[in-house]
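Results of the structural survey
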Amino acid sequence: MRRAEELAGSGGLPAFVYDLGALREHVAAIRKALTGGPELFYAAKANPDAEILKTVAPYVDGIEVASGGELKHVRAVLPKARLAFGGPGKTDEELALAVREAERVHVESPHELSRLARIGRDVDVLLRVNLAGERKGVALAMSGPFGMDPEAIEACHEILAGAPWVRLRGIHAHLASGLEAEALVRQSEEILQWARPWLEKTGCTQNPEFNLGGGMAVDYTDPHRRFDWTTYGRQIAALAQPGEILRIEPGRAVTVYAGWYVTQVLDVKKAHGQWYAVLRGGTHHIRTPVTKNHNQPFTVLPRGEQGPAVNGAEVTLVGQLCTPKDVFARQVPVDRIAVGDVVAFSMAGAYAWNISHHDFLMHPKPGFHYLSG
Ligand SMILES: *Cc1c(COP(=O)(O)O)cnc(C)c1O
């Protein structure tokens, strides 16, 4: 909050403020909760900011990347990191890069496996399976072209048999986002029950690997309610049979709490019976509330002494874009909001800046600031 005030004073808003001290503490606690349990990879696509990666790195076993661009970026920031390369639609260039740089390649289709085999170099792969079934109450079911149906994956046997340099290490599955600990453990059990006999049949019995994905729940309505890593860690550890290597690759639940998007009120007005606060910046900096269709949680820091204000009303917070979709939060009760006030949006450390359409309307880019704690 102090940094937000300073930035307002120096005309430095809007800005992202990343609390690296808080991130370090959070990821250290996750690591501790997973002691004796699965390996922990961080999904870089949640937030690939170099300072974020460097802060997370000492507490994770590796980084999951989902494109050639992410791979090169993470390699440059963390030259020694263990990398897993996943994602649908890999190009030949990306496959070649993955063979050179990634410890594991997550294969999404039989055709992709054939293309990888054609490179003719040693490579260690996990096959990504998409188990059908009901995924109720999840934020995002990974239905669609992700991985292979249990029927489709059968075609991999023949390809693997003809290309011994492609070493099958295990199975990868990332089925849904937004699951609480107990539900995620049940989903992992389901994956293991399917994957164990499949790998056995394929002859992959030497320390088989099971990447159980990410998707740990994040509750934007309550920034203080966190995923129960302790329960999850204990129960996941209990699932592993001797010799098996379990691995997870969360993104959002690792970094979301460490980021703030801080900006300032430009205008306050009533339109068609509704109060609006128009803020500097917008969803071209933080598209999260639009994509997730939620209210981004925020705190108002009073600074505005002159100009329009509203007291004790429901206010919709919008940005500077010429579209009705440029909304941070809808009809949220506030005690007071005034022109010049600073608004600090929390939970902006994941899928925020890096998923946004930065150039729409050509407004200035936000600043980036790091609290090292
Ligand atoms: C996006 C993604 C993740 C991370 O998901 P979160 O919801 O951020 O934890 C992990 N694995 C794969 C394959 C993904 O696509």
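Residues numbered from 1 in each chain as written. Predicted model: local features only at pLDDT ≥ 70, side-chain atom pairs only at ≥ 80, totals over all residues. Heavy atoms only, no water.

Looking at an unreviewed UniProt entry, one finds the chain named Orn/DAP/Arg decarboxylase 2, with Thermomonospora curvata as its source organism. Looking at the Cofactor (unreviewed entry) heading of the UniProt record, one finds this comment for the chain: "pyridoxal 5'-phosphate". Recorded under Sequence similarities (unreviewed entry), the UniProt text for the chain is reproduced unchanged: "Belongs to the Orn/Lys/Arg decarboxylase class-II family." (UniProt positions renumbered as here; feature names shortened; annotations may be inferred.)

To continue, consider the overall build of the chain. Along the chain, the regular secondary structure elements total 11 helices and 18 strands. The globule rule puts the C-alpha radius of gyration for 373 residues at 21 Å, and the 23 Å found for the chain is close to it. The C-alpha extent of the chain, read off along each of the three principal axes, is 75 × 40 × 40 Å. For the chain, buried positions account for 54% of its 373 residues. (Helix = DSSP H or I, 4+ residues; strand = E, 2+ residues; numbered from the N terminus. Rg over C-alpha atoms; globule rule 2.2 N^0.38 Å. Buried < 20%, exposed > 50% of the residue type's maximum accessible area, 1.4 Å probe, protein only.)

Around the ligand sit 14 residues in total, of which Lys45, Gly215, Glu249, Arg252 and Tyr351 are the nearest. The separation between a nitrogen atom of the ligand and a polar side-chain atom of Glu249 is 2.7 Å. Gly251 places a polar main-chain atom, nitrogen or oxygen, 2.9 Å from an oxygen atom of the ligand. Coverage of the ligand by the protein chains reaches 92% of its 390 Å² of free accessible surface. Here the residues of the shell around the ligand are counted per class, giving 3 nonpolar, 6 polar and 5 charged. (Near = heavy atom within 4 Å. Polar contact = N/O pair within 3.5 Å; in protein donor to acceptor, adjacent residues only side chain to side chain. Areas by Shrake-Rupley, 256 points an atom, 1.4 Å probe, with all protein chains shown as cover. Nonpolar A, V, L, I, M, F, W, Y, C, P; charged D, E, K, R; others polar.)

In this section: the packing of helix α4 (residues 68-77) against helix α5 (residues 92-101). Following both chains from N to C, one finds α4 and α5 inclined at 30 degrees, their axes separated by 10 Å at the closest point. Every pair of crossing elements has a handedness; the one defined by α4 and α5 is left-handed. In this structure, α4 contributes Gly68, Leu71, Lys72 and Arg75 to the contact, and α5 contributes Glu94, Leu97, Ala98 and Glu101. (Axes fitted to C-alpha atoms, helices over the stretch in contact; angles between N-to-C directions. Left-handed = near helix turned anticlockwise from the far one by under 90°. Contact = heavy atoms within 4.5 Å.)

Our next topic: unusual backbone geometry. For the bond running from Leu13 to Pro14, omega is 0 degrees, close enough to zero to count as cis. Tracing the backbone shows Pro14 in the loop between α1 (2-9) and β1 (15-19). Of note in this structure, Asn293 is not a glycine but carries a positive phi near 55 degrees. Although it is not a glycine, Tyr351 adopts a positive phi angle of roughly 50 degrees. Its location among the elements puts Tyr351 in the loop between β17 (342-345) and β18 (367-371).

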